Amino acid sequence: MRETRVPPAVIVGAVVLACGALLLGAQLGFAERVARNVRLAQVRLLVELVGVTGLSDAEMERFVADNLREEKDDDGRVRRWVYLRESTVGAVLYPMEGRGLWGPIHGVLAVSPELDTVLGLRISRHEETPGLGAEIEAAWFLRRFEGLRFVSDDETCSPLELHVVKAGTAQGPLQVDGISGATETIRGFDAMLGKTLHEVLRDRRAGP
Amino acid sequence: MSRHLATLVTPIWKENPIFFHVLGICSALAVTTRVSNALVMGAAVTCTAAATGVFVSLLRPVVHRSVRLVVEMLVIATFVILFDLMLKAFWYDMSRQLGPYVGLIVTNCILLGRAEAFALKNPVFPSLLDGLGSGLGYTWVLLVVAVFRESLGAGTLLGFRVLPEGAAPAQALFLPPGAFFLMGLLVWGLHAVRRRP
């Protein structure tokens, strides 16, 4: 490395500008593609949750637009999607939002039209540790929730007791085994699921 | 062996960044649960190390010694973010699987280490080769660890089942401590092999 007459601050300034311009260009150039990827991932997830397979990307977008009725809350955020199959309700999908160990977790929960049974759930976005917390999006884990009935038979909509617990300690039909090595992630996941199920039960009490 | 070939091969084997310098261990432990993750992570480190080598070497005549670290970090961060963006744009699923680890390449000591130790003192072409070699040296170690961890820890290889149905995978290998033991054994084994006359 030689000594030059150009002041170091000027060199650093020039490198900062060049790097910044390159990254700004890339960000703008890829923005549309990235946004499309995010949207497609969400669409794919909704289609999967209602049990439809074998559609192309364009067909999936059309399917969601035609068959899923979006319901928004007062702030304009999607509160739930109602899946209409041959003019009857096939499933109701609720967006989930919670906190993991490293960042937010987003997902979707599908429940039966009677709002009493979990049909399935998917994680759309998370920042958890690959191989550990990140396994919350794995099929083997999410399958544990399918078919779980979260309303007692006497229809009282008693306080929720569906919980994700420490791996290997689940007891009874309303406890689900967590993932070993991912305690904090599972704690956040459990809170997120609980919050969403509360919302489902509120809708259930409010009636159709 | 020609000089250029030696520049490329030395960091792959004789001075492997993981085995010889024990650098880049954090990500090596974290992303080796799947072979596919290890491959993409290796590609990311190889590309960014090569690009960093080229640009740090190019800037060598004009950068004052007092600001060299700032410039090196700027160059490294730029290429890592660029790779991360491209992954998000062209391979979104993989980008989601690797999570924060692509971005964390910025803190991978292999890149800064090679920029300091090699690119600052050598012309552009050898610096490119050194970056490629270091990246490839990192990649093959990651692949070896990932093959062990995915096949024995999860029972699959690149997503295909390799353990017979019913055989319980060794879950401990899938957890970070498992990776630590495996890496330790590999470093031990390799040093033992190399010490032989």
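The rules we used
- Residues numbered from 1 in each chain as written.
- Chains lettered and ligands numbered in written order.
- Predicted model: local features only at pLDDT ≥ 70, side-chain atom pairs only at ≥ 80, totals over all residues.
- Helix = DSSP H or I, 4+ residues; strand = E, 2+ residues; numbered from the N terminus.
- Rg over C-alpha atoms; globule rule 2.2 N^0.38 Å.
- Buried ≥ 20, exposed ≤ 12 C-beta atoms within 10 Å, placed from the backbone.
- Contact = placed C-beta atoms within 7 Å.
- Arc of directions from axis to C-beta.
- Core = buried A, V, L, I, M, F, W, Y, C linked by C-beta atoms within 7 Å.

**Student:** Before we move on, could you go through the overall build of chain B and cite the residues and values that matter?
**Tutor:** Looking only at helices and strands, one finds nine helices and two strands in chain B. Of the regular secondary structure in chain B, the N- to C-terminal order runs α-α-α-α-α-α-α-β-β-α-α. Over its C-alpha trace chain B gives a radius of gyration of 18 Å, about what one expects of a compact globule, namely 16 Å for 197 residues. Structurally, chain B occupies a C-alpha span of about 65 × 50 × 25 Å along its principal axes. Taken over 197 residues, chain B has a buried fraction of 46%.

**Student:** Describe the overall build of chain A, with residues and values.
**Tutor:** Helix and strand counts for chain A come out as four helices and seven strands. Listed by position from the N terminus, the elements making up chain A come as α-α-β-β-β-β-β-α-β-β-α. With the C-alpha coordinates of chain A rotated into their principal frame, the extents come out at 85 × 40 × 35 Å. Per-residue burial for chain A yields a buried fraction of 26% across its 208 residues. For chain A, long-range pairs separated by at least 24 residues make up 45% of all intrachain contacts whose partners lie at least 6 apart in sequence.

**Student:** Break down helix α6 (residues 109-119) of chain B for me, citing the residues and quoting the values.
**Tutor:** Buried residues of α6(B): B:I110, B:L111, B:R114, B:A115, B:F118 and B:A119, and no others. The buried residues of α6(B) all sit within an arc of 130 degrees when viewed along its axis, so they share a single face.

**Student:** Tell me about the nonpolar core, and name the residues and values.
**Tutor:** Among soluble globular proteins, nonpolar side chains are generally buried collectively. If you look at the biggest cluster of nonpolar residues, it comprises 55 residues, and the most contacted ones within it are B:M41, B:L142 and B:V145. Going through the elements one at a time, α2 (25-30), α3 (35-59), α4 (68-90), α6, α7 (124-154), α8 (171-174) and α9 (176-195) of chain B are the ones with two or more residues in this core. The biggest single contributor to this core is α3(B), with 12 residues. Other than its neighbours up to four places away in sequence, B:V145 contacts B:A28, B:T32, B:A179, B:L182, B:M183 and B:L186. Within the second largest apolar cluster, 38 residues are counted, among which are A:V64, A:V111, A:I179 and A:M192.

By themselves, these observations are geometric and do not establish any function.
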